[in-house]
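Structure assessment
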Amino acid sequence: MNTTKITAGIGVIAVLGGVAGLAGFVVPGLSATFVFVIVVGLVAGAQGFRYALGRRSVDYRAADTGDPELRYRVPTPGDDVDRRLSKTGWRVSDATNLRMRLRESAIQTLVFHDNCSADVAERHVEEGTWTTDPVAARYLGADVSLSLVDRVRLVVRGQSSTAARAARTIDAIESVHENDNSVTEAHR
């Protein structure tokens with residue numbers, strides 16, 4: 001006899017027993033609750049036995065756990081900048097585009113943080129007075145001089161590349177948000 005037919009037969013008997021229990025036709029002397037618990041226990045035992053027989057021939061070291069749910073990666077702001085900074089082959093247009101984007105970001109940050117006009121913020125970026133980091137100010141076009149010692153220090157630390165200068169500029173822009181004092185008020 002096929003196991004599918006046996007399983008179907010047990011299922012039919014369980015359903016008929018459940019319907020009989022609901023209708024009030026039970027074996028005299030047994031309560032409907034007791035019969036229900038016994039039927040559920042027998043079905044659970046049969047399923048457990050069937051599962052154990054199916055797993056009997058499986059090598060436990062070769063069990064496949066399946067793949068976890070793969071999530072869609074949502075892009076975060078700045079991913080394109082990170083991708084450009086991590087590239088080894090910089091093109092001049094990429095570096096110029098990144099510099100212009102960081103310059104606009106610095107101007108917008110000064111406008112929002114210091115509540116000044118875009119012209120005043122642009123003047124501070126051009127003069128380099130928006131930050132205390134001379135590398136960041138110089139990267140955005142300010143005529144800020146670096147001493148020979150500072151230049152050598154940047155080369156030794158590996159901060160003379162375009163990516164390192166852009167990263168320092170990003171840090172300087174973020175520090176404008178963190179500071180409570182106004183850059184434009186101090187230099188008017």
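Residues numbered from 1 in each chain as written. Predicted model: local features only at pLDDT ≥ 70, side-chain atom pairs only at ≥ 80, totals over all residues. Heavy atoms only, no water.

What about the overall build of the chain?
Counting its regular elements, the chain contains nine helices and zero strands. Starting at the N terminus, the α and β elements of the chain follow one another as α-α-α-α-α-α-α-α-α. Counting over 188 residues, the chain shows a buried share of 21%. Long-range contacts, defined as pairs at least 24 residues apart, comprise 49% of the intrachain contacts of the chain with a sequence gap of at least 6. (Helix = DSSP H or I, 4+ residues; strand = E, 2+ residues; numbered from the N terminus. Buried < 20%, exposed > 50% of the residue type's maximum accessible area, 1.4 Å probe, protein only. Contact = heavy atoms within 4.5 Å.)

Here we look at the pattern of salt bridges
Counted under the stated rule, the structure contains three salt bridges. Among the ionic pairs, E127 bridges to R123, the shortest N-O distance being 3.8 Å. Of the two residues, E127 and R123 are both situated in helix 5 (residues 118-127); the distance of four residues between them amounts to about one turn of the helix. R123 sits in the partly exposed class, given a relative accessible area of 35%. Note that D133 and R168 form a salt bridge whose closest N and O atoms lie 2.7 Å from each other. Here D133, found in the loop between helix 5 and helix 6 (134-139), pairs with R168, found in helix 8 (residues 162-178); they are 35 residues apart in sequence, far enough to count as distant. Classification of D133 as buried rests on a relative accessible area of 14%. (Salt bridge = Lys/Arg side-chain N within 4 Å of Asp/Glu carboxyl O.)

Brief notes about the environment of A95
Structurally, A95 is set in helix 4 (residues 92-114). With 71 residues separating them along the chain, A95 and A166 place their C-alpha atoms 9.2 Å apart.

Side note on helix 8
Given 3.6 residues per helical turn, the α-helix brings residues three or four places apart onto the same face. With 17 residues, helix 8 should cover 24 Å at 1.5 Å per step; its first-to-last C-alpha distance of 25 Å lies within 8% of that length. Looking at helix 8, one finds that the buried residues are A164, A166, T169, A172, I173 and V176. (Expected span 1.5 Å × (residues − 1).)

Concerning the packing of aromatic side chains
Summed over the entire model, instances satisfying the criterion amount to zero aromatic pairs. A cation over an aromatic ring shows up here: R99 above the ring of Y139, its NZ or CZ 4.6 Å from the ring centre. (Phe/Tyr/Trp six-rings, centres within 6.5 Å; stacked < 30°, edge-to-face > 60°. Lys NZ or Arg CZ within 6 Å of the ring centre and 35° of its normal.)

As for the side chain of T109
Its location among the elements puts T109 in helix 4. Leave out the neighbours within four places in its chain, and T109 touches D114, I173, V176 and H177.

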